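One-letter residues, chain by chain:
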Amino acid sequence: MQDILSGRRNNNIACKICTTYGRVGLTTLPKGKIMKTTQKTYGMSRRNFMTFAGGAMGFATIAATGVPIGCASSKSKVEDTSQQSGAVTPANQEGMSVNPYPVNPSRISPKSYEHKGDFTVMTVGTGCPDTIVGRSGPSTLVQYKGNYFLVDIGAGTTFRLVEAGIHLDRIKNILITHMHTDHTDGYSKFMVESWTLGRRDTDIFGVKGVNALHNIFATVFPEDIKYRLGKTATVDGMYEKVNITELEGANTFTLDGVEIRTLPTIHAVYNLAYRFDVDGNSIVVSGDTSYSENLITLSKNADILVVDSGRVVNKRYMGPGEMKPPPGGKQSGPPAAANPATYVPKEVQGKSHASLEDVAIMAAKANVKKIVLTHYPPFEVDIETTLKQYKRFYNGEVIFGQDLLEVKP
Ligand SMILES: [Zn+2]
């Protein structure tokens, strides 16, 4: 669709089913006429056409199925599937022996997630800016007796929460570590969807920028919000009853019975780590960090430190396309074989991520009981070797976070 909107005209697309050609040139017609022509030619309602052309599968469907609009085969196919579910199945997609996304999903969302205890933490998404199949964008969920504290909302967070059976409308405390897109690009989806499901009184904490992040609804999407008022009938949870607090430095406050403390760590941009204490237990979520004395201070004797993995030992690149070294040629790779007896980590202002040794030494110095690694670089992790490297510096438990893994103190 984007292709068409950006100017492609009257392309002939061969149909794999009947070997005829379909003509696709929507923007040669004004918008109203597209609908009219489509309805007349293919018998689709406007809604169904929009579903086909711009909806769930969009124009990729044509590429995936090889069945363009205008083909006799496509007529019955589109009409049949749209009547069933409103979506077109990319059947027989090349390179995909079993289609994992049928018209009707083979799995439904669990009704409710059963937490492992009163106080837990879940690595909702363990990925990075690169899109990795199986790793959602960075997000961590702390839970205390059914109250939630969602730390960062990377892309895919809402999907993961729903997949787990966690009720979106019950997540009323949001904490943002830093204003990097990979930690915030799921924000609008989560906020809108949780609001339409019933979220109302909400507290949002984060670094400078969270006000602007939330303001996109008023400045960029006011018409969308107005439209969705049809479902919510109230702006509470969107424009009202949303308390946004921008934080800096050391803070202590209480939310839903949990004491929360913050300290800044060292990252490419300003980052706050959060510590949650309740009933004698503690969980720390680092956000992104390089070696940071503040993180050691904040994590002192904590039960769990969910930590930016920085550098794990990598097996192979798993991202889309070919891995290109960034400008300067520096790329993620195995850690330096540091000698535990002589290795001295250093704070480097502006440095993005800690090395494996840095993370291990921070955990050791803080006397953390267990660390949960998250925010993996776009590689397959060599778990065995990474663990061996950690054990050279740190005697606590090392848990390799994975999407929707829940850990309790
Ligand atoms: Zn970052």
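Residues numbered from 1 in each chain as written. Predicted model: local features only at pLDDT ≥ 70, side-chain atom pairs only at ≥ 80, totals over all residues.

In the annotation of an unreviewed UniProt entry, the protein chain is listed under the name MBL fold metallo-hydrolase and assigned to Desulfobacter hydrogenophilus.

Some remarks on the nonpolar core
Val 284, Leu 305 and Ala 363 are the most contacted members of the largest nonpolar core, which has 68 residues in total. Every residue in contact with Val 284, bar those within four places of it in the chain, is listed here: Ala 273, Arg 275, Leu 298, Ser 299, Ala 302, Ile 304, Leu 305 and Val 306. (Core = buried A, V, L, I, M, F, W, Y, C linked by C-beta atoms within 7 Å. Buried ≥ 20, exposed ≤ 12 C-beta atoms within 10 Å, placed from the backbone. Contact = placed C-beta atoms within 7 Å.)

With respect to helix H13 (residues 383-391)
The set of residues buried in H13 consists of Thr 386, Gln 389 and Tyr 390. One face of H13 carries all of its buried residues, which in axial projection span an arc of 100°. Among the exposed residues of H13, those pointing more than 90 degrees away from its buried face are Glu 384 and Lys 388. On its buried face, H13 is in contact with helix H12 (356-366), strand E16 (379-381) and strand E17 (397-400). (Helix = DSSP H or I, 4+ residues; strand = E, 2+ residues; numbered from the N terminus. Arc of directions from axis to C-beta.)

Brief notes about the confidence of the model for the protein chain
Close reading of the predicted structure is inappropriate where its pLDDT is low. Taken residue by residue, the protein chain gives an average pLDDT of 80. The fraction at 70 or more is 73%. Low pLDDT (under 50) marks residues 1-93, which in the prediction has 120 contacts with non-local residues, meaning those over four places away or in another chain. (pLDDT = per-residue confidence, 0-100.)

Digging into the pairing of strand E6 (residues 173-176)
Note: strand E5 (residues 147-151) against E6, two bridges, orientation parallel. In the sheet register, Val 151 faces E6, and the bridge partner there is Leu 175. In terms of handedness, the path from E5 via helix H6 (residues 157-164) over to E6 forms a crossover that is right-handed. (Pairing = 2+ DSSP bridges. Right-handed = clockwise from strand over helix to strand, strands pointing away.)

What to know about the sheet that holds strand E4 (residues 139-144)
Pairing is mixed in the open sheet, where seven strands are placed in the order E8-E7-E6-E5-E4-E3-E18. Among the strands making up the open sheet, the edge pair consists of strand E8 (242-246) and strand E18 (405-407). Going from strand to strand, the sheet's axes swing by 20° on average, the running direction of each strand aside. Pairing geometry for E4 and E5, over five bridges, is antiparallel. Paired with Gln 143 across the two strands is Tyr 148, which belongs to E5. (Axes fitted to C-alpha atoms, helices over the stretch in contact; angles between N-to-C directions.)

Looking at the sheet that holds strand E12 (residues 281-285)
Read from one edge to the other, the open sheet built from seven strands follows the order E9-E10-E11-E12-E13-E15-E17, with strand pairing classed as mixed. With one partner strand each, in any of the chains shown, strand E9 (251-255) and E17 form the two edges of the open sheet. Averaged over neighbouring strand pairs, the angle between their axes works out to 20° when direction is ignored.

Quick notes on the pairing of strand E3 (residues 119-125)
Across the seven residues of E3, six count as buried, placing the element largely inside the fold. Summarising the sheet, E3 and E4 pair through six bridges and their orientation is antiparallel. Residue pairing in the sheet places Thr 120 in a bridge with Gln 143 of E4. Relative to E18, E3 runs antiparallel, the two being bridged by three bridges. Opposite Val 121, over in E18, you have Val 407 as the bridge partner.

Let's talk about the packing of helix H8 (residues 187-197) against helix H10 (residues 222-232)
Direction vectors running N to C along H8 and H10 enclose 30°, while the axes themselves pass 9 Å from each other. Judged on the interaxial angle alone, H10 and H8 are roughly parallel. Like other packed secondary-structure pairs, H8 and H10 cross with a definite hand, here right-handed. Within the contact between the two elements, H8 uses Val 192, Trp 195 and Thr 196 and H10 uses Arg 228, Lys 231 and Thr 232. (Parallel < 35°, antiparallel > 145°, perpendicular 65-115°, else oblique. Left-handed = near helix turned anticlockwise from the far one by under 90°.)

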